[in-house]
Amino acid sequence: MSRGARFTERLELLWLGATVGVGLLGLRLIHMQVVRNQYYAELAERQRTQVIAQTAPRGRVYDRNGEIVATNQPAFSLIFLPGKAQDPARLAGLAESLARELHRDRGELHERLLEAAREETAIHLAENLPLKTMFKLSELKTLYPGVDLIVEARRYYPNGAFAGHLLGYMGKVDRRQWLRLKGKGYRVDSWVGRSGVESRYEDVLRGVDGEIRMEVDAQGRLRRRLDEVKWKAGGNLVLTIDSRIQAAVEEALRASPSGEGAAVVLDPRTGEVLALASVPDFDPNLLLLPEWDLGKRAASTLPEFNRAIQGTYAPGSTFKVVMDAALLQEGTVRLDERVWCPGYLAVGNRTFKCWEKKGHKWVDFLTSLAQSCDTYYYTMGLRAKGPVIERYEQLFGLGRKTGLDLPGERSGNVFGPEARKGRKRGWYDGDTANLAIGQGELLATPIQMAVVAAAVANKGTLWKPRFVKKVERPGAVEEPASEASGRIDLRPEVWDKMQEAMVGVVTRGTGQRVNIPGLVIGGKTGTAQNPLGDDHAWFIAWAGRPGEVPSLALAVLIQHGGHGSSAAGPVARKAIEAAFDLASAKVHEAPAEGAMIDEVPPEPDAEHPPGRAPKPPPPAEPAPAPARHVPAARPAHSAPAPAPKPADGDVYSEDE
């Protein structure tokens, strides 16, 4: 081949290569400008802009009188805007400086900064910053590009620990939650309700976050605001609680002998919750503080156990109100029938003692409840039989949840022959005697006993307690209606006599500390045995003005408080005074524990002479030692435990 031919061939190959190169370049340009046009446009825009999420204010929460109990306030947040090129060494230095100012782990901060740089997205490094810290961090803006401070809305509880267990608290979403919620507009660093109202009504209270699009330079420095999507605030809630009653109850609970307990106050006409308190309680604001401050310690020691709906305890003598319903409705007792109380009753080979060791002497139906005579209820309980008592337990809603719209409510425990049969255990007369005074394996929550008191006040309606009066969404207002969970059908005269007996407890019996002039108050004291420590104190009551339907019902439980009259009674009194807007009057002192109350003089009786207890129906078999409620550990009370054997074969009742 000649030299000219070879040159021509090489030239053709060169032109072919050039043609192929131009074709490939054209295809690449078409791919970039047509096929992937949107992707590269967004990529270029990200290099020039950053989107900063702006948390929407949560809806406000009010009490029934319009007082704000949860709102929002402005707070500074620290954000990081990764630039086009972030030097790893510079990010390490930033992490070191932030760790020193924020008292956070340097490695954790460095990892978050690297992640933000990889994802090329703005992140929140710290929130709710105090002014002092904010001023220190503002100096870092000049040293480290991409660091900035913005103002956002943060949750705020103006009354601190007020209604803490009911309102609940806020917390950051965890990874698992975020994967479930990210499709609903939640960010990886969003706040959500963790408990109480904040959790249950998260969908109402949470707003729609806004966005601010900012122009940034290659180093991540903010240049100017380009545009903004305004946030939308969440909906508001109006609760049924009355702040005056709630505050009075909380103060009284903290001042109780043990400082541990719960109280629930209801409107017996509607089932609305007027107050729901549990102590120890907590200030939800502490959990909103920066993690390096008190927030982390507060979260680790949070007294989250809500005794009002989760604590289960033997109801003690407050259960005698349910016993009265069974005795009167079933015709087991005559109102004028008297029982001799020498201070004890022999049942099989066991001795069941009355709280009044000297005995109440002769007592009838009304005086037995006023004086809380255990011997009377042992005797009548054996006459009524265990299955009947168990049926009335269930009629009054014990052993099942009340239906309060809060997570975590417990159902308590039914105690009776049928319940025992399900566990393949026998039932004896000793168990019946124990059940008659609210001891043994019977367990109830304070809210259940408040529903019992409300049912006596309104003569038969078991309300499903509710704490939301109004839901205010944009453009719509909802007002939930009261809902009954059951009805107790007793003869009218039975309800009248039960109310009369409870009034006697307050006017001349063990509950005289709660007697307030100008009001009609019915109550019942109770002390539940606790072999692991001091007994638990109870008081249930209802109240109203003369000639009017009772407008308040309550239950108070003082854990390890001792006597119901002296420990739980004062809390009930404070609640009633606050509800009826009464100044604290001089308390009518009830007789000291062990003193006789309104004693009925003994009368000789051929069948039941003084000094000897009346003989109950012969037991089918020897009664075992009665079961007692043994709490698992303070503060939680849940399942019943085996009963310890009483010393010397004696069974002791509670001392009122």
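Residues numbered from 1 in each chain as written. Predicted model: local features only at pLDDT ≥ 70, side-chain atom pairs only at ≥ 80, totals over all residues. Heavy atoms only, no water.

Participant: Go over the overall build of the protein chain with me, naming the residues and quoting the values.
Facilitator: Each helix and strand counted, the protein chain has 21 helices and 24 strands in total. Burial analysis of the protein chain (656 residues in total) assigns 54% to the buried set. Put simply, the protein chain shows about 28,600 Å² of open surface, and 53% of that area lies on carbon and sulfur atoms. (Helix = DSSP H or I, 4+ residues; strand = E, 2+ residues; numbered from the N terminus. Buried < 20%, exposed > 50% of the residue type's maximum accessible area, 1.4 Å probe, protein only. Areas by Shrake-Rupley, 256 points an atom, 1.4 Å probe, with all protein chains shown as cover.)

Participant: Tell me about the pattern of salt bridges, and please be specific about residues and values.
Facilitator: Under the criterion given, the structure shown has 30 salt bridges. The shortest N-O distance in the salt bridge between Arg-420 and Glu-441 comes to 2.9 Å. Taken together, the positions of Arg-420 in helix α17 (residues 417-422) and Glu-441 in the loop between α18 (429-436) and α19 (446-458) put the pair 21 residues apart, joining distant regions of the chain. Using a relative accessible area of 4% as the deciding quantity, one classes Glu-441 as buried. (Salt bridge = Lys/Arg side-chain N within 4 Å of Asp/Glu carboxyl O.)

Participant: Before we move on, could you go through unusual backbone geometry and cite the residues and values that matter?
Facilitator: Residue Pro-280 follows Val-279 across a cis peptide bond; omega there is 0°. Tracing the sequence through the fold places Pro-280 in the loop between β12 (273-279) and α11 (291-300). If you check the backbone angles, Ala-163 has positive phi at about 55° while not being a glycine. By secondary structure assignment, the location of Ala-163 is in the loop between β5 (147-156) and α6 (164-167). Positive phi outside glycine occurs at Lys-459, with the angle close to 65°.

Participant: Could you give me a rundown of the environment of Lys-464, with the residues and numbers involved?
Facilitator: Relative to the elements of secondary structure, Lys-464 occurs in the loop between β17 (461-463) and β18 (468-473). When its relative accessible area of 27% is taken as the criterion, Lys-464 is described as partly exposed. Along the backbone, Lys-464 and Ala-484 are 20 residues apart, and their C-alpha atoms lie at a distance of 5.5 Å. Excluding anything up to four places from it in sequence, Lys-464 contacts Gly-271, Thr-402, Gly-403, Glu-483, Ala-484 and Ser-485. (Contact = heavy atoms within 4.5 Å.)

Participant: I'd like a description of the confidence of the model for the protein chain, backed by residues and values.
Facilitator: Residues with a pLDDT of 70 or more make up 79% of the protein chain, whose mean pLDDT is 82. Predicted confidence is poor over residues 588-655, with pLDDT under 50, and the contacts of this stretch with residues over four places away or in other chains come to 179 contacts. (pLDDT = per-residue confidence, 0-100.)

Participant: Give me the lowdown on the nonpolar core, citing residues and values where you can.
Facilitator: Within the largest apolar cluster, 97 residues are counted, with the highest numbers of intra-cluster contacts made by Leu-237, Leu-239, Tyr-376, Phe-396, Phe-467 and Met-498. Per-element accounting of this core gives the leading share, 10 residues, to α19. With residues near it in sequence (within four places) discarded, Tyr-376 still touches Val-333, Val-339, Val-363, Asp-364, Phe-365 and Ser-368. Membership of the second largest hydrophobic core comes to 32 residues, among which are Val-265, Ala-543, Ile-576 and Phe-580. (Core = buried A, V, L, I, M, F, W, Y, C linked by side-chain atoms within 4.5 Å.)

Participant: Requested: an account of the environment of Glu-304, with residues and values cited.
Facilitator: If you trace the backbone, Glu-304 turns up in the loop between α11 and α12 (307-310). On the accessibility criterion, Glu-304 (40% relative accessible area) is partly exposed. In this structure the C-alpha to C-alpha distance between Glu-304 and Val-279, which are 25 residues apart in sequence, comes to 9.8 Å. When neighbours within four sequence positions are excluded, Glu-304 is seen to be in contact with His-165, Tyr-169, Ser-195 and Gln-310.

Participant: Could you give an account of the pairing of strand β21 (residues 520-528), with specific residues and numbers?
Facilitator: For β21, the tally of buried residues reaches eight of nine residues, placing the bulk of the element in the interior. In this sheet, strand β22 (residues 536-544) lies alongside β21 in antiparallel orientation, the contact comprising nine bridges. Bridging across to β22, Lys-524 finds its partner in Ile-540. (Pairing = 2+ DSSP bridges.)

Participant: I'd like a rundown of the pairing of β12, residues and numbers included.
Facilitator: The element β12 is extensively covered by neighbouring structure, given that seven of its seven residues are classed as buried. Across six bridges, the pairing between strand β11 (residues 261-266) and β12 is antiparallel. Residue pairing in the sheet places Ala-262 in a bridge with Ser-278 of β12. Counting the residues in the hairpin turn of β11 and β12 gives six residues, including Gly-271, whose phi is positive at 85°.

Participant: Give me the lowdown on the packing of aromatic side chains, citing residues and values where you can.
Facilitator: Under the defined criterion, the tally for this structure stands at eight aromatic pairs. For the pair Phe-396 and Trp-495, a centre-to-centre distance of 6.3 Å together with 65° between the ring planes defines the contact as edge-to-face. Pair noted here: Phe-396 is in the loop between α16 (386-395) and α17 and Trp-495 is in helix α20 (residues 492-508), with a separation of 99 residues, a long-range link. You'll find Phe-396 and Trp-495 in the same group, each marked buried. (Phe/Tyr/Trp six-rings, centres within 6.5 Å; stacked < 30°, edge-to-face > 60°.)

Participant: Account for the sheet that holds β12, naming residues and giving values.
Facilitator: Ordered by their spatial adjacency, five strands build an open sheet running β12-β11-β23-β22-β21, and the pairing between neighbours is antiparallel. Edge strands, defined here as strands with exactly one partner in the open sheet, are β12 and β21. On average, each strand axis in the sheet is inclined to that of its neighbour by 5°, with strand direction left out of account. The pairing of β22 with strand β23 (residues 552-558) spans seven bridges and is classified as antiparallel. Its bridge partner lying in β23, Ala-537 is registered against Ile-558. Strand contacts of helix α10 (residues 243-254): β11, β12 and β23, with the helix running at about 25° to β12, the strand carrying the most contacts. (Axes fitted to C-alpha atoms, helices over the stretch in contact; angles between N-to-C directions.)

Participant: Tell me about a nonpolar patch on the surface, and please be specific about residues and values.
Facilitator: Together, Leu-11, Leu-14 and Trp-15 make up a nonpolar patch on the protein surface, roughly 360 Å² of accessible area in all. Here Leu-14 shows up in helix α1 (residues 3-35). Residue class for Leu-14 comes out exposed when judged on its relative accessible area of 59%. (Patch = residues over 30% accessible without salt bridge, like charges linked within 9 Å, V, L, I, M, F, W, Y side chains within 5 Å.)

Participant: Lay out the environment of Gln-499 with the relevant residues and their values.
Facilitator: Take Gln-499: it is sitting in helix α20. Given the relative accessible area of 14%, Gln-499 is considered buried. With 43 residues separating them along the chain, Gln-499 and Trp-542 place their C-alpha atoms 9.3 Å apart. For Gln-499, the residues in contact, after removing those within four places along its chain, are Val-456, Ala-457, Lys-459 and Trp-542.

Participant: Lay out α16 with the relevant residues and their values.
Facilitator: Within the span of α16, buried status applies to Gly-386, Val-388, Ile-389, Glu-390, Tyr-392 and Glu-393. Next to the buried residues of α16 lie α13 (320-329), α15 (374-384), α17 and α18. Just downstream of α16 lies Gly-397, where phi reads positive at about 85°.

Participant: Kindly report on the packing of α13 against α20, identifying the contributing residues and their values.
Facilitator: When two helices pack together, their arrangement is given by the angle between their axes and by how far apart the axes lie. Two elements in contact, α13 and α20, have axes whose closest approach is 10 Å; the angle formed by their N-to-C orientations is 145°. Between α13 and α20 the crossing geometry is right-handed. For the pair α13 and α20, contact is made by Val-321, Asp-324, Ala-325, Leu-328 and Gln-329 and by Val-494, Lys-497, Met-498, Ala-501 and Met-502, respectively. Its residues assigned to classes, the contact of α13 with α20 comprises seven nonpolar, one polar and two charged. (Left-handed = near helix turned anticlockwise from the far one by under 90°. Nonpolar A, V, L, I, M, F, W, Y, C, P; charged D, E, K, R; others polar.)

Participant: Describe in detail the packing of α10 against helix α21 (residues 564-579), supporting the description with residues and values.
Facilitator: Look at α10 against α21: their axes get within 8 Å of each other, and the N-to-C directions meet at 160°. Of the possible angle classes, the one that applies to α10 and α21 is roughly antiparallel. For the crossing formed where α10 meets α21, the hand is right-handed. Two secondary-structure elements touch here, α10 through Arg-244, Ile-245, Ala-248, Val-249, Ala-252 and Leu-253 and α21 through Val-571, Lys-574, Ala-575, Ala-578 and Ala-579. Partitioning the contact of α10 with α21 into residue classes produces nine nonpolar, no polar and two charged. (Parallel < 35°, antiparallel > 145°, perpendicular 65-115°, else oblique.)

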